[in-house]
Amino acid sequence: MKAAAIYGAGGHARVISSILRASGISILGFFDDSYDGSGEQIQGKPILGTFADITNFQEHINAVYIAIGDNKTRKHAFETLETENFDMPPLIHPGAFLENDVLVGKGSVVCMGATLATEVKVGRCCIVNTGASVDHESRLGDFVHIAPKAAIAGRVTIGDESFVGIGAAVAEKLALGDRVIVGANSVVLANVPSDTRALGVWH
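All residue numbers refer to positions counted from 1 along the written sequence of the respective chain. Since the coordinates come from a predicted model, pLDDT governs what is reported: local features require at least 70, and pairs of side-chain atoms require 80 or more to be given and counted, while whole-chain, interface and lining totals use all residues. Calculation of side-chain values draws on the structure's entire complement of heavy atoms; hydrogens and water are dropped beforehand.

Draft legend 1. The overall build of the chain, seen in detail. Each helix is a run of H or I in the DSSP string that is no shorter than four residues. Each strand is a run of E no shorter than two, and both are numbered from the N terminus. Each helix and strand in the chain was counted, giving 2 helices and 24 strands. In the chain, which comprises 203 residues, the share counted as buried stands at 46%. Only heavy atoms matter for contacts: two residues are in contact if any of them lie within 4.5 Å across the pair. Long-range pairs, those at least 24 residues apart, make up 26% of the contacts in the chain with a sequence separation of at least 6. When the accessible surface of the chain is totalled, it reaches about 9100 Å², and 50% of it is carbon and sulfur. Two residue types count as positive, namely Lys and Arg, and two as negative, namely Asp and Glu; His and chain ends fall outside the count. Lys charges are placed at NZ, Arg charges at CZ, Asp charges at CG and Glu charges at CD. For the chain, the centre of its 16 positive side-chain charges and the centre of its 22 negative side-chain charges are spaced 3 Å apart. Think of it in three bands: residues with accessible area under 20% of the maximum for their type are buried, residues over 50% are exposed, and the middle band is partly exposed, with areas taken using a 1.4 Å probe on protein chains only. Note on areas: these come from Shrake-Rupley sampling with a 1.4 Å probe, and a residue is covered only by the protein chains present in the view.

Draft legend 2. Structural view of the state of the cysteines. Any cysteine sulfur atom paired with another within 2.5 Å is treated as part of a disulfide. Tallying each qualifying case throughout the model produces 0 disulfides. The thiol of Cys-125 is unpaired, and the distance to the nearest cysteine sulfur, on Cys-126, comes to 7.5 Å. The buried category is assigned to Cys-125, whose relative accessible area is 0%.

Draft legend 3. Looking closely at the environment of Gly-107. Structurally, the position occupied by Gly-107 is in the loop between strand E8 (103-104) and strand E9 (109-110). For Gly-107, a relative accessible area of 12% corresponds to the buried category. Sequence-distant contacts of Gly-107, that is, excluding residues within four places in its chain, are made with Phe-78, Met-88, Pro-89, Pro-90, Cys-125 and Cys-126.

Draft legend 4. Local environment of the sheet that holds E9. Strand order across the open sheet formed by 7 strands is E6-E9-E12-E15-E18-E21-E23, with parallel pairing between neighbours. With partners counted over all chains shown, the strands left at the sheet margins are strand E6 (91-92) and strand E23 (197-198), one partner each. In this sheet, strand E18 (residues 163-164) lies alongside strand E15 (residues 145-146) in parallel orientation, the contact comprising 2 bridges. Each residue of the ladder has a partner; that of His-145, found in E18, is Phe-163. In this description, strands pair whenever DSSP reports at least two bridges between them.

Draft legend 5. Molecular detail of the packing of aromatic side chains. Any pair of Phe, Tyr and Trp rings, taking the six-membered ring for Trp, is counted once the centres come within 6.5 Å. Such a pair is stacked with planes under 30 degrees apart, edge-to-face with planes over 60 apart, and tilted for the rest. What the rule picks out here adds up to 3 aromatic pairs. For the ring pair Tyr-7 and Phe-51, a centre distance of 4.4 Å and an interplane angle of 40 degrees mean the geometry is tilted. A residue pair is termed long-range when its members are at least 10 positions apart, and Tyr-7 in strand E1 (residues 3-7) and Phe-51 in the loop between strand E4 (45-49) and strand E5 (61-66) qualify at 44 residues. On the basis of relative accessible area, Tyr-7 is assigned to the buried category, the value being 7%. Under the relative-accessibility criterion, Phe-51 is labelled buried at 15%. Where Phe-78 meets Phe-143, the ring centres are 5.6 Å apart and the plane angle is 70 degrees; that geometry is what we call edge-to-face.

Draft legend 6. Layout of unusual backbone geometry. Positioned with a positive phi, Glu-119 is a non-glycine residue whose angle comes to about 65 degrees. Summarising the element assignment, Glu-119 is placed in the loop between strand E10 (115-116) and strand E11 (121-122). If you check the backbone angles, Glu-137 has positive phi at about 65 degrees while not being a glycine. Locating Glu-137 in the fold gives a position in the loop between strand E13 (133-134) and strand E14 (139-140). Under the relative-accessibility criterion, Glu-137 is labelled partly exposed at 25%.

Draft legend 7. A look at the nonpolar core. Buried Ala, Val, Leu, Ile, Met, Phe, Trp, Tyr and Cys residues form a nonpolar core when they are joined through side-chain atoms within 4.5 Å. In this structure, Leu-116, Ile-146, Ile-158, Val-164 and Leu-176 are the most contacted members of the largest nonpolar core, which totals 29 residues. Apart from the residues lying within four places of it in its own chain, the contact partners of Val-164 are His-145, Ile-146, Ala-147, Ala-150, Ile-152, Ile-158, Val-170, Leu-176 and Val-182. Formed by 17 residues, the second largest nonpolar core is a distinct cluster that contains Ala-4, Ile-19, Phe-30 and Cys-111.

Draft legend 8. Structural context of the pattern of salt bridges. Think of a salt bridge as a Lys or Arg side-chain nitrogen and an Asp or Glu carboxyl oxygen that are within 4 Å of each other. All chains considered together, the criterion is met by 6 salt bridges. Glu-161 is the partner of Lys-75 in a salt bridge, and the nearest nitrogen-oxygen pair spans 3.2 Å. Here Glu-161 lies in the loop between strand E17 (157-158) and E18 and Lys-75 lies in helix H2 (residues 71-83), a separation of 86 residues in the sequence. The class of Lys-75 is partly exposed, set by a relative accessible area of 26%.

The following block contains the structure:
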């Protein structure tokens, strides 16, 4: 019988595990590059090997969920797994709220208490973390991470590999470029160019 595999063994891996269990999805185990063969378990499931070992278990895996917070590392893992033809469906916590017309891309995760309003589109392998809010018609590119309690107003566009920190707020109709970092509790009131850190009040 096939089951889900989780890549990662840190805090976010525990979040992914809890979402899978809340969704009634069976878990085979975890893979992490810190694997040392010690028999360590996370929430009752074993760490089975390193990232490179996942292919050895492919016949037992029906889906892989990437539990890596860093956008660049998560992108690399996603692209590697995609070339190996692993299924990476989106994962949505039963306690999240999504309007019926929201689109969530392959490999993306929407955590407990997150809210995605009408016509929101989430790209591939994103994280919309605990209690985050993304309002109407906003667009997240690929490999974006919206941290817990961050608030994205309506009609905002966020580019690939960008990160919006915990408790940050982005005002309506703005555009954040690729690889932008918005600091924790920052307030974004103007567009942010690619490869820029927006800290404090950005205007």
